[in-house]
Amino acid sequence: MTNITISDSIKYVGVDDHDIDLFEGQYRVPDGVSYNSYLIMDRKIALMDTVDRRKGTEWMARLDAALAGRTPDYLVTLHMEPDHAANIAAAMERYPDMRIVGNAKTFAMTAQFFGTDYADRRIVVTEGDTLDLGTRTLQFVMAPMVHWPEVMMAYERTEKTLFSADAFGKFGALDASQPWDDEARRYFINIVGKYGANVQALLKKAAALDIARICPLHGPVLGDDLGHYIGKYLTWSSYEPEEKGVMIAYASIYGNTADAARRLAEMLRRRGEKAVVIYDLARCDMAEATAEAFRFDRAVLASSTYDAGLFPVMDAFIGRLKSKNWQRRTVGLIENGTWAPAAARIMCEHLSHMKDITVAKPVVTLRSAMNAASEQQIEALAETLTA
Ligand code: FEO
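Residues numbered from 1 in each chain as written. Predicted model: local features only at pLDDT ≥ 70, side-chain atom pairs only at ≥ 80, totals over all residues. Heavy atoms only, no water.

Let's talk about the nonpolar core
Membership of the largest hydrophobic core comes to 117 residues, with the highest contact counts inside it found for Leu-138 and Phe-317. Taken domain by domain, this core gets at least three of its residues from each of domain 1 (10-238) and domain 2 (246-386). Once you skip the residues sitting within four places of it in the chain, Leu-138 turns out to touch Ile-40, Ala-46, Met-48, Val-76, Asp-129, Thr-130, Leu-131, Leu-133, Ala-154, Tyr-155, Glu-156 and Phe-163. Grouped together as the second largest cluster of nonpolar side chains are 21 residues, Ala-260, Leu-264, Ala-302 and Ala-360 included. (Core = buried A, V, L, I, M, F, W, Y, C linked by side-chain atoms within 4.5 Å. Buried < 20%, exposed > 50% of the residue type's maximum accessible area, 1.4 Å probe, protein only. Domains from an automatic or database assignment. Contact = heavy atoms within 4.5 Å.)

A look at the domain arrangement of the chain
You can read the domains of the chain as domain 1 (10-238) and domain 2 (246-386). Using C-alpha coordinates to define each centre, domain 1 is positioned 38 Å away from domain 2. Every contact between the two is made by 11 residues of domain 1 and, on the other side, 15 residues of domain 2. Between domain 1 and domain 2, the buried area comes to about 1100 Å², and carbon and sulfur atoms account for 47% of it. Seen at the junction of domain 1 and domain 2, the total is one salt bridge. Between Arg-186 and Asp-285 there is a salt bridge, with the nearest N and O atoms lying 3.0 Å from each other. If you look at where domain 1 meets domain 2, you find six residue pairs in polar contact (both at pLDDT 80 or more). Contributing elements (two or more residues each) for the side of domain 1 that touches domain 2: strand 4 (27-28) and helix 5 (180-192). Ranked by residues supplied to the side of domain 1 that touches domain 2, first place goes to helix 5 with five residues. (Buried area = accessible area lost by both parts, 1.4 Å probe. Salt bridge = Lys/Arg side-chain N within 4 Å of Asp/Glu carboxyl O. Polar contact = N/O pair within 3.5 Å; in protein donor to acceptor, adjacent residues only side chain to side chain. Helix = DSSP H or I, 4+ residues; strand = E, 2+ residues; numbered from the N terminus.)

Observations regarding the packing of helix 5 against helix 7 (residues 226-238)
Running from amino to carboxyl end, helix 5 crosses helix 7 at an angle of 35°, the nearest separation of the two axes being 11 Å. Crossing of helix 5 against helix 7: the hand is right-handed. Contacts between helix 5 and helix 7 involve Trp-180, Asp-181, Ala-184, Arg-185, Phe-188 and Ile-189 from the former and His-228, Tyr-229, Lys-232, Tyr-233, Trp-236 and Ser-237 from the latter. Along the lines of polarity and charge, the residues of the contact of helix 5 with helix 7 split into seven nonpolar, two polar and three charged. (Axes fitted to C-alpha atoms, helices over the stretch in contact; angles between N-to-C directions. Left-handed = near helix turned anticlockwise from the far one by under 90°. Nonpolar A, V, L, I, M, F, W, Y, C, P; charged D, E, K, R; others polar.)

Comments concerning the environment of Lys-322
Here Lys-322 lies in helix 10 (residues 312-323). Residue Lys-322 is classed as partly exposed on the basis of its relative accessible area, which comes to 40%. Expressed as a C-alpha distance, the spacing of Lys-322 and Met-354, which sit 32 residues apart in the sequence, is 6.6 Å. If near-sequence neighbours (up to four positions away) are discounted, Lys-322 is found in contact with His-353 and Met-354.

Some remarks on the pairing of strand 13 (residues 152-156)
Strand 13 sits mainly inside the fold: five of its five residues count as buried. Covered by surrounding structure in strand 13 are Met-152, Ala-154 and Glu-156 together with Met-153 and Tyr-155, the residues of both alternating faces. Pairing geometry for strand 12 (residues 137-142) and strand 13, over five bridges, is antiparallel. Each residue of the ladder has a partner; that of Met-142, found in strand 13, is Met-152. Looking at chain direction, strand 13 and strand 14 (residues 161-163) are connected through three bridges and run antiparallel. Across the sheet, the residue bridging to Tyr-155 is Leu-162, located in strand 14. (Pairing = 2+ DSSP bridges.)

Here we look at helix 12 (residues 372-386)
Between its first and last C-alpha, helix 12 extends 21 Å over 15 residues, near the 21 Å set by a 1.5 Å rise per residue. Three or more residues of helix 12 are buried, namely Ser-374, Ile-378, Leu-381, Ala-382 and Leu-385. Within helix 12, the buried residues cover an arc of 100° as seen down the axis, which keeps them to one side. Residues Ala-372 and Gln-376 are exposed on helix 12 and point more than 90 degrees away from its buried face. Regarding helix 12, its N-cap is Asn-371, as a side-chain oxygen of that residue lies 3.1 Å from the backbone nitrogen of Ala-373 further along. (Expected span 1.5 Å × (residues − 1). Arc of directions from axis to C-beta.)

Quick word on a nonpolar patch on the surface
Nonpolar side chains collect at one region of the surface, where Ile-253, Tyr-254 and Tyr-306 lie side by side and expose about 370 Å² of accessible area between them. Looking at the secondary structure, you find Tyr-254 in the loop between strand 16 (243-251) and helix 8 (256-270). (Patch = residues over 30% accessible without salt bridge, like charges linked within 9 Å, V, L, I, M, F, W, Y side chains within 5 Å. Areas by Shrake-Rupley, 256 points an atom, 1.4 Å probe, with all protein chains shown as cover.)

So, in structure tokens, the structure goes:
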């Protein structure tokens, strides 16, 4: 159990989950994940979100201990995704005098998940509405599609604390020490990446608030150097590259396409390229590879031809890039095919549907394995990518 001190009035009552294998049923989380939940203790008590069903019992015990005999007056529901909302019905049953605070979309979703819109116990809020807790006041900020349509944030004016829902969260339990940037990037790009415009709109609204602390629904509470985290969100949500560097992703059947990808990496490094990362799409964490493609300004896709199409993991990878709105990048292509190479044509076709993608010349074609001619093409591609 992770104990976090936030302030005299704001208590952390979230839980770590180290047992989960796949977050959202698809993302590897070797260091677990935290489901954050908070109590604001004032004359009135606000409980800020619940946790995943997997950790309901632990959460309730933690909540009881923090409440020390008091009961919450409000359950503020910032996000209805089940990793935060699964225990709403249980909490409403446990505290029969507690009212639930959400927006109109929140209660359409409680009806779907729990069979009730809490018509007699709800407080429906909209942009700018406030909730008076005594000496503290929550102000609500709507944040649709960051990451679901009902998402909202709550700004506590006295302590200048933004309860930011999924935004500014990261993978990893709170007792795992990892740098914020990498796991926050992997989280943001894969989970919220598609909705960059919505995040930009939210950040504009947040800029008008004097924020001293951010309490997200996953990962650590952020108090220092908020400009760093907000800066990363501005970059990620704008689809601009974060750093100069080349991300190489390959899909290889017998290792020949992989050889070409590694050869290109060597050539790039020899030419002075400082950041070159390489991913075997059949074996890597595809979510990490996706985040790395967003991180760098250039990428290379190297794929075998298979069934007259792309090798399946490359098809899946490009699909992910497309669904996350990947754009504004220079992309090199390497294809392989023993009798009818088609991978480059198909990759070009996919890339043509993405915004502002420039295909670097030349496109490299291997026929089965590297030879002197294809090595020359790879060298020429390295030259173009480092020009
Ligand atoms: Fe952590 Fe969109 O839920």
